[in-house]
Structure formats: structure tokens, C-alpha cells
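Notes for the structure review
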Amino acid sequence: MKRLLPAITLLLPVAASAQTQVNIYGVVDAYAGRTATASAPQAVNAVNSGGMITSYYGFSGTEALGGGLKAQFQIEGFFRGDTGEAGRFPGEAIFARNANVGLAGEFGMVRMGRIANPLFVAAGQINPFGPSTRFSPLINQIYTAAGGNATLGDTGWSNSIQYASNPVYDTTFVAQYSLGEQPGAHNNNWAAVAKYVGKELAVTVGGVNVRFGPGLSAAVPEQRTYLAAAAYDFKVVKLFASYSDHQAKVSERDAHSVQAGFTIPTHGGAGRWMVAWSRLTEKAKVVPEFHRDTGAAGYDYNLSPRTDVYAVLMYDKISNASKGNTYVAGIRHRF
């Protein structure tokens, strides 16, 4: 037995590593063309990063602990491929997309750290242009500052605790609570999202209450947002629709958005036409009611399972102000 102990000791690290998996992954997305929006109507010819999805890199891993229990971690950071700079903007934290650790099992998953806002994730899954902060009319209006930023706070929340259920009858539930960590202040965020994803029909309902993060101030100390969305896949065409409501305290900045769109697959599913339109109607205590119309049409074609090319036209107009038109072509590679 004593002779076996050294051999067993040497094998332990090998056995442990066999239970552990670490992945390196990411997306590089770049596009070129003419860009102009209603809030920045002066056209600019540019090469930019993050067209269909914001470019990012990540590391994730799991370790089997036995009995169906797993430890997991996720560390992800944004970058600008057009300049090689880190972050979506200067000075952003290196792992602003995700930086969390948790446990997963038959109960679902619990994790802590910086975690993507589940309502943003859900909105990106229920519109023709996905999570594109540049070209998705819905995402552009409710999450992009230049597009109106109807939902305050960031697309990722720091100091978070999140629970995500395993699928039950094609339905999942996510709840997230994020601490503002200011002494003497109860300025915490919460989010809750339920999703049903069947073979043809997908339905999402959710809400967030934001009390700390970008966009919050003494004039707007708190905001609550609700989203309801659905998609139906007829195979020859997939339809999308959503409604969101945004209510802010003190400033009484209230807004709601309506979105509709569709995708049409081509070339046996290798390509797809994408069309979407969204109207955001907004008013505040000292601002008369106005609306913003954003429409986009594009084509995306997969050259391989990891690489696709796309072209997008986008129209953006504020009812009491200016308008802008965007014409771009880009490439996205997943690694």
C-alpha cells in the first residue's frame, strides 16, 4: 500500500484536470461605411468596431465537483477592433462584460460578480438584429445612449447575485439583485426575466428597477422598465414584436417603445434578410412629448460556422428634430 501512495498522489492532479474545462473565446466584429443618427445627423465615413455584436474576448471554465454539482467562472472584456483599444469607451473596466463565479446543478445556477443585465440579454434574443447596439432599432433606442437610452443603467451590473433556473417545459427564469454599495443608501438594482422558447414560439416577459449606474442622477434617481416580447418561426419567415414601458422618478421621464420585424432565411439557412422598425415615444416634466422612429434592413451571410458578412441600411428620425441615415458593410468572426 505504501508503494502505491506515491503513484496515487501523482495521478491526483491528472484526475482533477480531467474534471475541469477552460475555454478561450470571443468575437471580432468590424464594419465600414457612412453613419449618421438623429442625435448625430452629421454623416461620418468610418471603420468601426462592434456592428452586429460588440467585440469581446472571454475566458470561462467549469469544474465537476461530484453529485451533479459544478463550479463555474466567466471573465469577459470588451475591446474596439478598429483602434485596438480596450473597452467600449476610454477608461472602461477591463472585464466589464462579465466577471463572475458560481455553482450550477439540478437546482439551476447561482453566481456572483459582474453579470450581464438579463433584460438586455433577453431583448437581444427577441429582435431581428440580435444584441446589436449599432443597428438593432430596439436595442439602439432602449440601451444605446446615442439612440435615446430609454433604459438607464448599463448592459452589465456590478456587485450582482443572480439565480438562473434550468429549463422546465421550455421555460427559464432569471432573477438578479445588484448592490449599490453606498453607506446609508438603499440604491440597489433588481431584475427578473421569464422566457419560453419552443420550436416555433418564443415569449419573453421581464422587468428591471435601476437605482445605480450610468444615466442615474438627482433628477432621475430611479427608473423601472418592463418588457414583453414574442417571436414566431413560420420557417419561411420569422416574426418579432415587442412592447416596453419605462418610468423614471422625479423627472417623470416616461417612455414606451413598440417594435416589429422579421427575418427571412436564404441559401438553406446560410443567409437571412433582416428587417425591423421601432418607435420610442417619450415625455418628461419639462419636455413635450416626442417620438423617435428607427428602421433597419440588412442581409447577413455565413461564410462558415464562425464567420459571417453583413450589410445594413438604417434610418433614424426624431419627430421634433433631425434625422440620419446609415449604410455599412461588415464582417464578424467568432473564435
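Preceding this paragraph is the structure being described.
Definitions and cut-offs
- Residues numbered from 1 in each chain as written.
- Predicted model: local features only at pLDDT ≥ 70, side-chain atom pairs only at ≥ 80, totals over all residues.
- Heavy atoms only, no water.
- Helix = DSSP H or I, 4+ residues; strand = E, 2+ residues; numbered from the N terminus.
- Rg over C-alpha atoms; globule rule 2.2 N^0.38 Å.
- Lys, Arg positive; Asp, Glu negative; His and termini not counted.
- Charge placed at Lys NZ, Arg CZ, Asp CG, Glu CD.
- Patch = residues over 30% accessible without salt bridge, like charges linked within 9 Å, V, L, I, M, F, W, Y side chains within 5 Å.
- Areas by Shrake-Rupley, 256 points an atom, 1.4 Å probe, with all protein chains shown as cover.
- Salt bridge = Lys/Arg side-chain N within 4 Å of Asp/Glu carboxyl O.
- Contact = heavy atoms within 4.5 Å.
- Phe/Tyr/Trp six-rings, centres within 6.5 Å; stacked < 30°, edge-to-face > 60°.
- Buried < 20%, exposed > 50% of the residue type's maximum accessible area, 1.4 Å probe, protein only.
- Lys NZ or Arg CZ within 6 Å of the ring centre and 35° of its normal.
- Core = buried A, V, L, I, M, F, W, Y, C linked by side-chain atoms within 4.5 Å.
- 1 Å grid on protein atoms, 1.4 Å probe; cavity = no way out; pocket = protein on both sides within 12 Å on 5 of 7 lines; lining within 4 Å.
- Points joined across faces, edges and corners; volume = space filled by probe spheres on them.
- Nonpolar A, V, L, I, M, F, W, Y, C, P; charged D, E, K, R; others polar.
- Polar contact = N/O pair within 3.5 Å; in protein donor to acceptor, adjacent residues only side chain to side chain.

Description of the overall build of the chain
Of regular secondary structure, the chain possesses three helices and 18 strands. A globule of 335 residues ought to have a C-alpha radius of gyration of about 20 Å, and the chain, at 22 Å, matches this closely. Taken along its principal axes, the extent of the C-alpha atoms in the chain is 85 × 55 × 45 Å. Of the charged side chains in the chain, 28 are positive and 22 negative, and the gap between their average positions amounts to 3 Å.

Considering a nonpolar patch on the surface
A surface patch of nonpolar side chains, amounting to about 930 Å² of accessible area, comprises Tyr196, Leu201, Val203, Val205, Tyr232, Phe234, Val236, Leu239, Phe262, Ile264 and Trp273. Only strand 11 (201-210) and strand 14 (254-266) provide two or more residues apiece to the nonpolar patch. Looking at the nonpolar patch, the element that brings in the most residues is strand 11, giving three residues. Tracing the chain through its elements places Phe234 in the loop between strand 12 (223-233) and strand 13 (238-248).

With respect to the environment of Ala228
Its location among the elements puts Ala228 in strand 12. Sequence separation between Ala228 and Arg88 is 140 residues; the distance between their C-alpha atoms is 28 Å.

What to know about the side chain of Ser257
On the secondary structure map, Ser257 appears in strand 14. Excluding residues that lie within four positions of it along the chain, Ser257 makes contacts with Leu138, Gln141, Ile142, Ser242, Tyr243, Ser244, Ser278, Arg279 and Leu280.

Observations concerning the packing of aromatic side chains
Enumeration according to the criterion identifies eight aromatic pairs in this entry. Where Tyr57 meets Phe79, the ring centres are 6.2 Å apart and the plane angle is 35°; that geometry is what we call tilted. Linking Tyr57 in strand 3 (residues 56-66) with Phe79 in strand 4 (residues 69-80), this pair joins segments that are 22 residues apart in sequence. Given the relative accessible area of 22%, Tyr57 is considered partly exposed. Accessibility expressed as a relative area gives 18% for Phe79, which makes it buried. Put simply, the rings of Tyr57, Phe59, Phe79 and Phe95 touch in pairs and so form one group of aromatic residues. Directly above the ring of Tyr56 sits Arg97, whose terminal nitrogen or CZ lies 3.6 Å from the centroid.

Section: the nonpolar core
Formed by 21 residues in total, the largest nonpolar core has its most connected members in Leu119, Tyr143 and Val208. For this core, the secondary structure elements donating two or more residues are helix 2 (118-124), helix 3 (137-143), strand 10 (189-197) and strand 11. By size, the runner-up hydrophobic cluster in this structure holds 11 residues, among which are Tyr31, Phe129, Ala276 and Val312.

Comments concerning the environment of Pro118
Looking at the secondary structure, you find Pro118 in helix 2. Here Pro118 falls in the buried class, since its relative accessible area comes to 8%. Sequence separation between Pro118 and Val208 is 90 residues, and the spatial gap between their C-alpha atoms is 8.8 Å. Setting aside residues no more than four positions away along its own chain, Pro118 makes contact with Gln162, Val174, Gln176, Ala191 and Val193.

Here we look at the layout of surface pockets
Volume-wise, the second largest pocket comes out at about 440 Å³. Taken together, 26 residues make up the lining of the second largest pocket; nearest its centre are Gln125, Lys238, Phe240, Thr263 and Arg272. Put simply, the parts of the chain that give the lining of the second largest pocket at least two residues each are strand 10, strand 11, strand 12, strand 13 and strand 14. By residue number, the principal contributor to the lining of the second largest pocket is strand 11, which donates four residues. In the lining of the second largest pocket, the residues fall into 13 nonpolar, six polar and seven charged.

Observations concerning the pattern of salt bridges
Across all of its chains, the model carries 13 salt bridges by this definition. For Arg97, the salt bridge is made with Glu76, and the minimal N-O distance between the two is 2.7 Å. Remark: Glu76 occurs in strand 4 and Arg97 occurs in the loop between strand 5 (85-86) and strand 6 (98-105); sequence separation between them is 21 residues. A residue is classified by how much of its surface remains accessible, and Arg97, at 22% relative accessible area, is partly exposed.

So, the environment of Arg134
With respect to the helices and strands, Arg134 occurs in the loop between helix 2 and helix 3. In this structure, the C-alpha to C-alpha distance between Arg134 and Phe240, residues 106 residues apart in sequence, is 19 Å. Looking at Arg134, its side chain comes within polar contact range of the main-chain oxygen of Ser49, at 3.2 Å.

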